[in-house]
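Here is how the chains run, residue by residue.
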Amino acid sequence: MAASGEIEIELSTLNKKVIISRPESSSLSVGVNQTQKCQTPFVFQVEDDEMEVVKFRARIKNGATTWEQDFVVPITANLSPVQEYVIGDGGVYTVAKGGNDLDTVEIGQGNADGIPNPGEFIEILVKDNDMLWRTEASVQGPYANPFGIHLRKSDNWGSYDHVGGSAKNSTIVIASDCPDGEQIDLSLEYWRPDYPYHIIGKGSVKLEIVGSDQTPPQIAWVQIPADNLLQVKLHDGSVIDRVQATFIDKDKNTFDLTLNDRGIDGDAVGSDNVFCGLVPKQKFGFYRLILEAEDSFGNKVKQEVLEKFLLH
Ligand SMILES: [Ca+2]
Ligand SMILES: [Ca+2]
Ligand SMILES: [Ca+2]
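This is a predicted model, so every value here is computed, not measured.

1. Describing the overall build of the protein
1) Next: Scanning the protein from terminus to terminus reveals 1 helix and 24 strands.
2) Next: With the C-alpha coordinates of the protein rotated into their principal frame, the extents come out at 75 × 60 × 40 Å.
3) Next: The buried share among the 312 residues of the protein stands at 25%.
4) Next: Intrachain contacts of the protein at a sequence separation of at least 6 include 57% that bridge at least 24 residues.

Encoded structure:
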């Protein structure tokens, strides 16, 4: 395939609250699998503080060919910095829950020093009215949530508002290759009660990341869906190097199995952090399972899975 030649692009949107003051641009020739910046920026203004996303249509002209492509751009209003907050990186905190309740739980995974380090799983807790509130975070850039990780939980407010709304809270994984001193900008949202409604608090936080990855992989889920196929989903800020399973039968006999994420031996998709292995034929019965996983920095986790698994 040859390079494209010059490309002309014109942006439009049906959104009346978005004004595109510079809708036209062009790019130099683009080669196969190449990325090319436009020669001049597109400029638009959003006249609605609440807007979270804008849908655009690009009309693209390349020689005699013209086509249209729709895409969306997430919008973050200029938020004021959060005055007081805590970084949950493995410590235990008492946080607001369910609208009018409290919960004392471990938040995040890491060394629990309250400083964001590469490889940690962190959650920002905003201090407001003398309480800590879990937050939903938006973040962009290469050093947050690598490998397409998206960790978000719901805090159901049903017993408070009787409507069944749920606040969301996000865990952010710091990429293990995040350089020392790198800054990561977060936009935060959290719910506070105002019976029978809720108030949405918003703000921004700038994190400075220091240190190196000392956090082992986290096990997201484990299943044996059929025919002795063990599947384990893990998360880590780096590549996970090794995952091993140890099965234990009721007579305490054990055997090991090495799992892979290379798209072979029962692993359907390579490099998706679902590690799989086919367990050879066993005596029919329930087995305990201990998993061991190691990231590319040598951080290891070894833990027993709570449930037992049927093998045959
Ligand atoms: Ca830390
Ligand atoms: Ca790690
Ligand atoms: Ca896989």
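2. A look at the pairing of strand β9 (residues 101-107)
1) Next: Two elements, strand β8 (residues 91-97) and β9, share 7 bridges in a ladder whose sense is antiparallel. Within β9, the position partnered with G91 by the bridge is I107.
2) Next: Between β8 and β9, which pair antiparallel one after the other, the connecting turn spans 3 residues, and G98 there sits at a positive phi close to 60°.

3. Comments concerning the nonpolar core
1) Next: Among the nonpolar cores identified, the biggest contains 30 residues, and I124, L125, V126, W133, Y143, I174 and L188 are the most heavily contacted of them.
2) Next: Looking at this core, the elements with two or more residues in it are β7 (85-88), β8, β10 (121-128), β11 (131-134), β14 (166-173) and β15 (183-194).
3) Next: By size, the runner-up hydrophobic cluster in this structure holds 14 residues, among which are L230, L259, A293 and L311.

4. Remarks on the sheet that holds strand β18 (residues 229-235)
1) Next: Spatial ordering of the open sheet is given by β17-β18-β21, a layout of 3 strands whose pairing is antiparallel. The two strands at the open ends of the sheet, each matched to only one other strand, are β17 (218-223) and β21 (274-278). Looking at each pair of strands side by side, their axes are set apart by 20° on average, direction ignored.
2) Next: Bridging between β17 and β18 involves 5 bridges; their strand directions are antiparallel. Residue pairing across strands places Q223 opposite Q231, the latter belonging to β18.

5. Concerning the environment of R152
1) Next: Take R152: it is sitting in strand β13 (residues 151-156).
2) Next: Separated by 16 residues in the primary sequence, R152 and E136 have C-alpha atoms spaced 7.7 Å apart.
3) Next: Non-local contacts of R152, meaning those with residues more than four positions away in its chain, are made with K168 and S170.

6. Focus on unusual backbone geometry
1) Next: Phi angles above zero are rare outside glycine, and N145 is one such case at about 50°.
2) Next: Mapped onto the elements, N145 comes out in the loop between β12 (136-139) and β13.

7. Some remarks on the sheet that holds strand β3 (residues 24-27)
1) Next: Read from one edge of the open sheet, 4 strands run β3-β1-β5-β6, paired in antiparallel fashion. Strands with a single pairing partner mark the edges of an open sheet, and in this sheet they are β3 and β6 (65-74). Along the sheet, successive strands turn relative to each other by an average axial angle of 25°, direction set aside.
2) Next: Relative to strand β5 (residues 53-62), strand β1 (residues 7-12) runs antiparallel, the two sharing 5 bridges. Of the residues in β5, the one forming a bridge with I9 is I60.

8. Some details on the environment of K300
1) Next: Mapped onto the fold, K300 is located in strand β23 (residues 300-304).
2) Next: Distance in space between the C-alpha atoms of K300 and R242 is 9.2 Å, their sequence separation being 58 residues.
3) Next: When sequence neighbours within four positions are dropped, the list of residues in contact with K300 reads P216, E292 and E294.

9. Digging into the environment of V54
1) Next: In this structure, V54 sits in strand β5.
2) Next: As a C-alpha pair, V54 and V72 span 18 residues in sequence and 5.5 Å in three-dimensional space.
3) Next: Residues contacting V54, with those up to four places away along its chain left out, are T13, N15, V18, V46, V72, V73 and I75.

Basis of the calculations
Residues numbered from 1 in each chain as written. Chains lettered and ligands numbered in written order. Predicted model: local features only at pLDDT ≥ 70, side-chain atom pairs only at ≥ 80, totals over all residues. Helix = DSSP H or I, 4+ residues; strand = E, 2+ residues; numbered from the N terminus. Buried ≥ 20, exposed ≤ 12 C-beta atoms within 10 Å, placed from the backbone. Contact = placed C-beta atoms within 7 Å. Pairing = 2+ DSSP bridges. Core = buried A, V, L, I, M, F, W, Y, C linked by C-beta atoms within 7 Å. Axes fitted to C-alpha atoms, helices over the stretch in contact; angles between N-to-C directions.

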